[in-house]
Protein chains: 2
Amino acid sequence: MNRDKIKNAIRNIPDFPKPGIQFKDITTLLLDHDAFSESIDIFCEEFGNSEIDLIVGIESRGFIFGAPLALRLGCPFAIARKPGKLPAETVSAEYELEYGTDSVEIHKDAIKEGDRVLIIDDLIATGGTAQAVGELVTKCQGDITGFAFLINLAELKGSDKLKPHPVFAIIDF
Amino acid sequence: MNRDKIKNAIRNIPDFPKPGIQFKDITTLLLDHDAFSESIDIFCEEFGNSEIDLIVGIESRGFIFGAPLALRLGCPFAIARKPGKLPAETVSAEYELEYGTDSVEIHKDAIKEGDRVLIIDDLIATGGTAQAVGELVTKCQGDITGFAFLINLAELKGSDKLKPHPVFAIIDF
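Considering all chains together, one arrives at 24 salt bridges over all chains under this definition. Note that Asp109(A) and Arg11(B) form a salt bridge whose closest N and O atoms lie 2.7 Å from each other. Residue Asp109(A) is located in the loop between β6 (101–107) and β7 (116–124), and its partner Arg11(B) is located in strand β1 (residues 11–14); the two belong to separate chains. The closest approach of N and O atoms between Asp25(B) and Arg11(B), which form a salt bridge, is 2.9 Å. Highlighted residues: Asp25(B) in strand β2 (residues 22–25) and Arg11(B) in strand β1, separated in sequence by 14 residues. Salt bridges linked by common partners bring Arg11(A), Asp25(A) and Asp109(B) together as one network.

Now the structure itself:
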């Protein structure tokens, strides 16, 4: 698999959303059918032999990778969303922002006890959101199989927060 | 194709987000791999022979159907998002809410002049958001091939707003 093709299809936007941040823009990858398709192929190759009962995509760019992966692997797909968006009974977990906290929710009936769950998002930075989604899985008595990301901002060491669970990323920046 | 299976997999939540609204919850469909997969098959069957240069998914549930469809049809995929989320130069269009207005954006370079564009979302209610995304396509000098939805709330007549463009929905409620 050609990871350089994928890496080259991701655009760097300096100073977004604020000065000093190098934003990794995946919209250029999505416009490149071959590169987008290959990213899903790589996830399939990585997780095709894992025993996974459920894939959870994190709002909203996690949906873009999680939905195709769940369809390809023949798994149910669940969505972790920002507060107030999900209509049925939810469980909730908080995570820290630079200033204050935010939270993420999932439907209580999306995860069954003992479900082996893969959590997916486009990017891991400090890992706070992914860690909170991991908490949702644990609160619902699911088992975290691992975390999958297109991009890992390695110097922020977000994957340390997700230990001891396996963390897979296609691209390191 | 079995549309009843898809319809039955959608959960009705009364009085969400406010009294009197019957919310159509697609999260139960996503958990049902066969039904979710079949919904993508139906979109592919409908649009597989259309000449489409780009699929635009509307944030955020439109991503769940648009990304797999774009991958299956071999099309580039673009995302229409709420204001301030996209990092590069955008075009913007407003739509009316019950009280006030909101807007939606797309990257200016996502759509090339003359691109034949299919716009997709999970649900059409009054059609305001989809209409605004149509405006984005027109502002970028793309051509709207049509609109695709999983669910059409037919009594709200949202598809009237999208005329004369073709509107396809898998399920009418």
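Once the structure has been displayed, the description carries forward.
A few words on the packing of helix α4 (residues 61–73) of chain A against helix α4 (residues 61–73) of chain B. Following both chains from N to C, one finds α4(A) and α4(B) inclined at 60°, their axes separated by 8 Å at the closest point. By the angle class used here, α4(A) and α4(B) are oblique. When you trace α4(A) past α4(B), the crossing you get is right-handed. In this structure, α4(A) contributes Phe63(A), Ile64(A), Ala67(A), Pro68(A) and Leu71(A) to the contact, and α4(B) contributes Phe63(B), Ile64(B), Ala67(B), Pro68(B) and Leu71(B). Of the residues that constitute the contact of α4(A) with α4(B), the class distribution is 10 nonpolar, no polar and no charged.

Let us now look at α4(B). Residues and elements named next belong to chain B. If you check α4, its first and last C-alpha atoms are 19 Å apart, about what 13 residues at 1.5 Å a residue would give, namely 18 Å. Where burial is concerned, most of α4 is hidden: 10 out of the 13 residues are buried. Count one or two residues on from α4 and you reach glycine 74, which has phi positive near 70°.

Before going further, it helps to examine the interface of chain A and chain B. Counting residues at the interface gives 37 residues for chain A and 37 residues for chain B. Buried surface at the junction of chain A and chain B, both sides included, amounts to about 3,000 Å², of which 68% is carbon and sulfur. Linking chain A with chain B are 2 salt bridges. Summed over the shared surface of chain A and chain B, the number is 12 residue pairs in polar contact (both at pLDDT 80 or more). No other element matches α4(A), which puts 7 residues into the side of chain A that touches chain B. Its residues placed into classes, the side of chain A that touches chain B shows 23 nonpolar, 7 polar and 7 charged.

All names here are of chain A. With the rule as written, the count across this model stands at 11 aromatic pairs over all chains. When the centroid spacing of 6.1 Å and the interplanar angle of 70° are considered together, the rings of phenylalanine 43 and phenylalanine 168 count as edge-to-face. Highlighted residues: phenylalanine 43 in helix α3 (residues 33–47) and phenylalanine 168 in strand β9 (residues 167–172), separated in sequence by 125 residues. Residue phenylalanine 43 shares its accessibility class with phenylalanine 168, and that shared class is buried. Centre to centre, the rings of phenylalanine 147 and phenylalanine 149 are 6.5 Å apart; their planes meet at 0°, and the pair counts as stacked. Judged on exposure class, the residue phenylalanine 147 and its partner phenylalanine 149 are both buried. Between the NZ or CZ atom of lysine 24 and the centre of the ring of phenylalanine 173, over which it lies, the distance is 4.3 Å.

What follows deals with the relation of the copies chain A and chain B. Superposing chain A onto chain B takes a rotation of 180° plus a shift of 0.0 Å along the axis, which leaves an RMSD of 0.0 Å. A rotation of that kind, with that shift, is consistent with a two-fold axis. For chain A, the residue whose C-alpha comes nearest the rotation axis is Pro68(A), separated from it by 2.5 Å. Counting the interface residues of chain A, we find that 100% of their copies in chain B are interface residues as well, pointing to one common contact surface.

Criteria and cut-off values
Residues numbered from 1 in each chain as written. Chains lettered and ligands numbered in written order. Predicted model: local features only at pLDDT ≥ 70, side-chain atom pairs only at ≥ 80, totals over all residues. Heavy atoms only, no water. Salt bridge = Lys/Arg side-chain N within 4 Å of Asp/Glu carboxyl O. Helix = DSSP H or I, 4+ residues; strand = E, 2+ residues; numbered from the N terminus. Axes fitted to C-alpha atoms, helices over the stretch in contact; angles between N-to-C directions. Parallel < 35°, antiparallel > 145°, perpendicular 65-115°, else oblique. Left-handed = near helix turned anticlockwise from the far one by under 90°. Contact = heavy atoms within 4.5 Å. Nonpolar A, V, L, I, M, F, W, Y, C, P; charged D, E, K, R; others polar. Expected span 1.5 Å × (residues − 1). Buried < 20%, exposed > 50% of the residue type's maximum accessible area, 1.4 Å probe, protein only. Buried area = accessible area lost by both parts, 1.4 Å probe. Polar contact = N/O pair within 3.5 Å; in protein donor to acceptor, adjacent residues only side chain to side chain. Phe/Tyr/Trp six-rings, centres within 6.5 Å; stacked < 30°, edge-to-face > 60°. Lys NZ or Arg CZ within 6 Å of the ring centre and 35° of its normal. Least-squares fit on C-alpha atoms with pLDDT ≥ 70 in both.

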